[in-house]
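Single-letter residue listing:
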Amino acid sequence: ETERCDSGMVILTRSHLTFHNKTSTQLSFFGYSCSLNEDKLLDSVPPESSICVPIELAQITHIRLGTLKGSEMTLESSKNPTEDYFVTDRLMILPTGISTARVIRTSIDC
């Protein structure tokens, strides 16, 4: 995607990985890959919204969905970012092709 502005042209690059929250509650998305070696909070998405994963995190191979256990928490509040959340198991999201679209179903026990 490109945009023209007074100082020239701006080129926006987005990851091929997009998450859509089709639920009625806010969901947090965690990503994992062998190179990260931990679950990393990617973003929290309001109901009926979507996010593009930052391109520097597009190498993730697994995701977890989570909902907060209590009041608003931040990554700095805990050494383990998932401990403040009810989370799913890790779900593998490796694509099978360049234009693959997958629907993954899971549940969270609160």
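1. Considerations on the side chain of Ser 28
Then comes step 1: As for its position among the elements, Ser 28 is in strand 4 (residues 27–32).
Then comes step 2: By relative accessible area, which is 4% here, Ser 28 ends up buried.
Then comes step 3: A distance of 2.7 Å separates a polar atom in the side chain of Ser 28 from a polar atom in the side chain of Ser 44.
Then comes step 4: Here Ser 28 is in contact with Leu 41, Asp 43, Ser 44, Arg 64, Leu 65, Gly 66 and Tyr 85, once residues within four sequence places are set aside.

2. What about the nonpolar core?
Then comes step 1: Ranked by size, the top nonpolar core spans 14 residues in total, and within it Leu 17, Phe 19, Phe 29, Leu 42, Val 53, Ile 60 and Ile 63 carry the most contacts.
Then comes step 2: For this core, the elements supplying multiple residues, two or more each, are strand 4, strand 5 (40–45) and strand 7 (62–68).
Then comes step 3: Every residue in contact with Leu 17, bar those within four places of it in the chain, is listed here: Ile 51, Cys 52, Val 53, Ile 60 and Ile 93.

What counts and what doesn't
- Residues numbered from 1 in each chain as written.
- Predicted model: local features only at pLDDT ≥ 70, side-chain atom pairs only at ≥ 80, totals over all residues.
- Heavy atoms only, no water.
- Helix = DSSP H or I, 4+ residues; strand = E, 2+ residues; numbered from the N terminus.
- Buried < 20%, exposed > 50% of the residue type's maximum accessible area, 1.4 Å probe, protein only.
- Polar contact = N/O pair within 3.5 Å; in protein donor to acceptor, adjacent residues only side chain to side chain.
- Contact = heavy atoms within 4.5 Å.
- Core = buried A, V, L, I, M, F, W, Y, C linked by side-chain atoms within 4.5 Å.

Distances and angles like these do not, on their own, reveal function.
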